[in-house]
Amino acid sequence: MSLARVLAINLIGLKGEAIDIEVDVSNGLPSYSLLGLPDATLNESRERIRAAILNSAKNWPNRKVTVSLAPAWLPKSGSAFDLPIALAILAASAQIDLKKLEGIFFLGELALDGSLKPIRGVLPTLIAARSLGMARVVVPSENFQEAGLLRDLEVMAFSNLGEVLHYLESGLRIENPPLIEIVDSATSLDMADVSGHVESKFALEIAAAGGHNVLMIGAPGSGKTMLAERFPTILPPLDESEAIEVAGIHSIAGTLNQRNILSALPPFLAPHHATTIPALIGGGSGSIRPGACSLAHRGVLFIDEAPECASGILDALRQPIESGKITITRSAQTATFPARFILLLAANPCPCGKFAGRGRACECSSLQIRRYLSKISGPLLDRVDLRIKVESPTRSELTQGITITSVQMRERVIQARLIAETRFAEHDFKLNSEISPNLLREKFRPRKDGLALLHKLLDSESITARGFHRTIRVAWSIADLGGIATPGKEEIERALELRVGIKGE
Ligand SMILES: [Zn+2]
């Protein structure tokens, strides 16, 4: 046998493409060629594979070795091909039986000493392999728990090439550790840690129930960040398929170690306001990596001091907010990542941050204040249903003992979402934040008394048409939380109370 063929998967975004690795070993001057648009990492595979084979008590064929990755036109990247290429070389040089490789999907990077190193993107790679009919997979030990999320696959993990060869030759598997179970949450954060803030917590509960984006305005130190960090704890936990989807995105980005693989807690991403567009929406050199937007998929994206963001940064969020996904195009590649998140923006009330702070003097002019807040552009603000004022709790609020816990808040949010889901059964959306203006005017109108109040405000120009729609959406979430069938005057009033006026809105 001088020709061997094995299957590999090349990832573009979350999508895996089947790659045929063909190795031919023929007589001729010793050489090695790798064909089929490999990137730099893949090109360096030769040295890794050669050393790994020699260090695993096998021989490097001192003949003409040709490795072809097909289809040839598709650019390929990464180090996951090391193991399958090494095995194909050993099969093509008759050092192992090619038949033993059949029906098994291999992936992993090789170190010079033959050890198997973990790779990024194991989950999406294995999902693609599974769709091609592969049911048995061999992965590096460190990727075992991640691969094990796909319960219907037979996963075998090894720590070096020698172990893989021993398994192939003897059929004896090594004992893998037990798989971990999905955990409800992997955080010690709880809303109960934050004293006071009754009003802000209620607003966040509404946001969680209706999937509303939020702008929090408050002085530095008023508790915006503490509240934001705890927001995921009041969102419904991810189910298994959602947790796998989220883990897959983090796997490609290489951030899985920052997150418990099997956490049902929605992700929380807090990019600094000095972040860049590639870091926020995705990109990077080499293969396209997801950005904070996609890492926050099914969770929360929090941007503190939002008006300080460089121009263009906040506007880059419009595509994912509108479509729930982000498409990145770079020279030869286009990758799409899901990006459906709840956006939490925080801003100081004025550039110096002291405005309206208790007993603190602010010297910002009204023009400066207006300029500062207007840096969050109108089109983005249109997608922010809730604008709330966050104030430092008073002494009496701080000394009041009992505070509501995340579990209690989350229970109410889950109930409210169930009510909304039933109401929207005939529609292709589930959340109040997704009700279109048309549907707000027709099918999902508030009760007459509520509508009358809003029309009065519209007539006196105390509310804009957009504010009108936002208020009704929020009122629906308040009604769902209160178990009220249709929002009326009371819910509309409550929604209006939560609102912070922003000049020009
Ligand atoms: Zn100021």
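Coordinates for the structure precede this section.
Residues numbered from 1 in each chain as written. Predicted model: local features only at pLDDT ≥ 70, side-chain atom pairs only at ≥ 80, totals over all residues. Heavy atoms only, no water.

So, the sheet that holds strand β18 (residues 386-389)
Phase 1: One open sheet holds the five strands; their spatial order is β11-β14-β17-β10-β18, and the pairing between them is parallel. Unpaired on one side and paired on the other, β11 (268-269) and β18 mark the two borders of the sheet.
Phase 2: Strand direction decides the pairing type here: strand β10 (residues 214-217) and strand β17 (residues 342-347), joined by four bridges, are parallel. Each bridged residue has a counterpart across the sheet, and for L215 the counterpart in β17 is L345.
Phase 3: Relative to the sheet, helix α7 (residues 198-210) contacts β10, β17 and β18, its axis offset from that of β18 by approximately 165°. (Pairing = 2+ DSSP bridges. Helix = DSSP H or I, 4+ residues; strand = E, 2+ residues; numbered from the N terminus. Contact = heavy atoms within 4.5 Å. Axes fitted to C-alpha atoms, helices over the stretch in contact; angles between N-to-C directions.)

Considering the sheet that holds strand β1 (residues 3-12)
Phase 1: Pairing in this open sheet of four strands is mixed, and the strands run β1-β2-β4-β3 from one edge to the other. Either end of the sheet is taken by a strand with one partner, and the two such strands are β1 and β3 (31-35). Looking at each pair of strands side by side, their axes are set apart by 20° on average, direction ignored.
Phase 2: As paired strands, β3 and strand β4 (residues 64-70) are joined by five bridges and run parallel to one another. If you follow L35 over to β4, its bridge partner there is S68.

Let's talk about the environment of S56
Phase 1: With respect to the element layout, S56 can be found in the loop between α2 (45-54) and β4.
Phase 2: Among the residues examined, S56 registers a relative accessible area of 14% and is labelled buried.
Phase 3: Remark: the alpha-carbon pair of S56 and G211, spanning 155 residues in sequence, is separated by 54 Å. (Buried < 20%, exposed > 50% of the residue type's maximum accessible area, 1.4 Å probe, protein only.)

Remarks on the packing of aromatic side chains
Phase 1: All told, the structure shown has six aromatic pairs when counted by the stated rule.
Phase 2: On the basis of an interplanar angle of 40° and a centroid distance of 5.8 Å, the ring pair of Y32 and W60 is categorised as tilted. Taken together, the positions of Y32 in strand β3 and W60 in the loop between α2 and β4 put the pair 28 residues apart, joining distant regions of the chain.
Phase 3: A relative accessible area of 13% means that Y32 is categorised as buried.
Phase 4: Through successive ring pairs, a cluster of aromatic residues spans F424, F429, F444 and W476.
Phase 5: For R423, the ring lying beneath its charged end belongs to F424, and the centroid distance is 4.8 Å. (Phe/Tyr/Trp six-rings, centres within 6.5 Å; stacked < 30°, edge-to-face > 60°. Lys NZ or Arg CZ within 6 Å of the ring centre and 35° of its normal.)

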